Amino acid sequence: MTPEQIKADYIDKIERVGSEKELADLKAAIFGKSGVITELTRSLKDLPNEEKPAAGKKINDLRVEILALCDKKEAELHRAAIERQLNSETLDLSIDKPFRTVGAIHPINQIKKRLTDYFVGNGYIVYDSPEIETDYYNFQALNIPPDHPARDMQDTFFIGDGMLLRSQTSSGQVRLMEKVKPPLKMICPGRVFRADDDSTHSPVFHQMEGLVVDKNVTLCDLKGALEGFAKFIFGGQTRIRFRPSYFPFTEPSVEVDVSCFNCGGEGCRVCKNTGWIEILGAGMVNRKVLANCGIDPDEYQGFAFGLGLDRITMILCEINDIKLLWENDVRFLRAFRGQGGDK
Ligand code: PHE
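Residues numbered from 1 in each chain as written. Predicted model: local features only at pLDDT ≥ 70, side-chain atom pairs only at ≥ 80, totals over all residues. Heavy atoms only, no water.

**Things to note about the sheet that holds strand 2 (residues 132–134)**
Argument step 1. An order of 2-4-3 is seen for the 3 strands of this open sheet, with the pairing classed as antiparallel. Edge positions in the open sheet fall to strand 2 and strand 3 (158–160), since each of these has one partner strand only. This sheet shows a mean twist of 35° between the axes of neighbouring strands, independent of strand direction.
Argument step 2. Examined bridge by bridge, strand 3 and strand 4 (residues 163–165) share 2 bridges and lie antiparallel to one another. Following the sheet pairing, Phe-158 is matched in strand 4 by Leu-164. (Pairing = 2+ DSSP bridges. Helix = DSSP H or I, 4+ residues; strand = E, 2+ residues; numbered from the N terminus. Axes fitted to C-alpha atoms, helices over the stretch in contact; angles between N-to-C directions.)

In structure tokens:
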């Protein structure tokens with residue numbers, strides 16, 4: 001074929017091409033191994049030498065022209081393909097993708113944090129005491145000798161060699177008073193252990209011990225401190241009452257009830273129709289305990305209290321099975337997100 005024939009024939013063919021595939025075939029027919037332009041180039045060698053430059057230039061011009069046309073067509077086809085795709089496909093942006101969920105602070109930790117904030121705001125330090133204890137710190141120094149009947153109240157896990165899992169955070173009182181001389185104000189939150197397991201008792205639970213030792217501390221100071229705390233947790237209308245009780249390490253000892261935050265004292269489901277909810281044990285630090293820690297009981301007095309964090313959490317969350325606090329069912333944890341100060 002002569003350059004003129006190729007031009008006449010192929011320019012038209014390129015114009016009419018309908019797909020990228022057709023264009024690729026056409027390019028192969030022009031520039032491929034036995035394509036028309038390749039053939040033409042090959043035929044140059046048969047021409048007399050003086051004609052070669054002009055013929056070569058002609059072929060090259062043709063190649064450039066056709067290549068440019070092909071490029072143009074290719075871009076056109078590509079644009080059209082994208083256009084077709086955009087028109088035919090739709091994106092479903094409503095697809096239900098799982099969202100990353102936000103965690104929640106465990107209700108017990110929320111209560112612990114709220115109480116800690118309250119007491120720290122009132123000048124108490126936070127003291128961390130060991131969970132694995134000696135008999136001495138858990139019992140003896142707290143005026144509970146080996147055969148004392150009060151040991152029966154706390155079914156203790158003994159782990160040999162005079163060691164045990166602390167059954168009460170009161171051990172923290174002794175550890176602190178041995179180290180720090182009065183005046184002192186501390187809370188000691190933490191896990192405690194007892195061989196006890198039913199719907200309101202778990203073998204592991206949480207307490208927060210409170211201890212204040214100074215000169216001229218009285219039972220009135222204890223009452224004031226606990227009233228402030230009760231109003232903070234259960235609301236400004238809350239009243240407290242002391243009932244006489246017994247703990248070997250406090251004298252006198254009291255059990256403390258708060259007026260029901262739900263019914264205000266009328267009697268309801270939450271307070272089991274009594275109008276009152278028992279929340280903690282407390283009392284004036286026994287002289288013997290002060291003396292055991294090297295503090296002169298004639299010079300200093302103190303009060304102590306022990307709160308059950310799980311119990312307060314159960315009351316506030318209105319649940320009556322302690323297991324809910326341990327199962328870590330995310331539906332439960334989510335339901336109480338932000339209830340206890342996790343805001
Ligand atoms: N340790 C006591 C208990 O676990 C509570 C308590 C603490 C009582 C401090 C009086 C003073 O039952």
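Next comes the rest of the account.
**Section: the packing of helix 1 (residues 3–16) against helix 3 (residues 36–43)**
Argument step 1. Interaxial distance between helix 1 and helix 3 falls to 11 Å at its minimum, and their mutual angle equals 175°. As judged from the angle between their axes, helix 1 and helix 3 are roughly antiparallel. Across the interface between the two elements, Pro-3, Ile-6 and Tyr-10 from helix 1 touch Val-36, Ile-37 and Leu-40 from helix 3.
Argument step 2. In terms of residue class, the contact of helix 1 with helix 3 is made up of 6 nonpolar, no polar and no charged. (Parallel < 35°, antiparallel > 145°, perpendicular 65-115°, else oblique. Contact = heavy atoms within 4.5 Å. Nonpolar A, V, L, I, M, F, W, Y, C, P; charged D, E, K, R; others polar.)

**Regarding the site of the ligand**
Argument step 1. Surveying the vicinity of the ligand reveals 15 residues, the closest of which are Gln-168, Ser-170, Arg-194, Gln-207 and Glu-209.
Argument step 2. Side-chain polar atom of Gln-207 to an oxygen atom of the ligand: 2.9 Å apart, as the coordinates give it.
Argument step 3. Counting atoms within 2 Å of the grid points, the majority share of the ligand lands in the largest pocket.
Argument step 4. For the shell around the ligand, the secondary structure elements donating two or more residues are strand 6 (204–214), strand 9 (276–285) and strand 10 (301–308). (Near = heavy atom within 4 Å. Polar contact = N/O pair within 3.5 Å; in protein donor to acceptor, adjacent residues only side chain to side chain. 1 Å grid on protein atoms, 1.4 Å probe; cavity = no way out; pocket = protein on both sides within 12 Å on 5 of 7 lines; lining within 4 Å. Sits in = over half its atoms within 2 Å of the grid points.)

**Notes on a negative patch on the surface**
Argument step 1. Taken together, the side chains of Asp-152, Asp-155, Asp-196 and Asp-198 make up a negatively charged region of the molecular surface.
Argument step 2. Its location among the elements puts Asp-155 in the loop between helix 6 (135–138) and strand 3. (Patch = residues over 30% accessible without salt bridge, like charges linked within 9 Å, V, L, I, M, F, W, Y side chains within 5 Å. Areas by Shrake-Rupley, 256 points an atom, 1.4 Å probe, with all protein chains shown as cover. Salt bridge = Lys/Arg side-chain N within 4 Å of Asp/Glu carboxyl O. Lys, Arg positive; Asp, Glu negative; His and termini not counted. Charge placed at Lys NZ, Arg CZ, Asp CG, Glu CD.)

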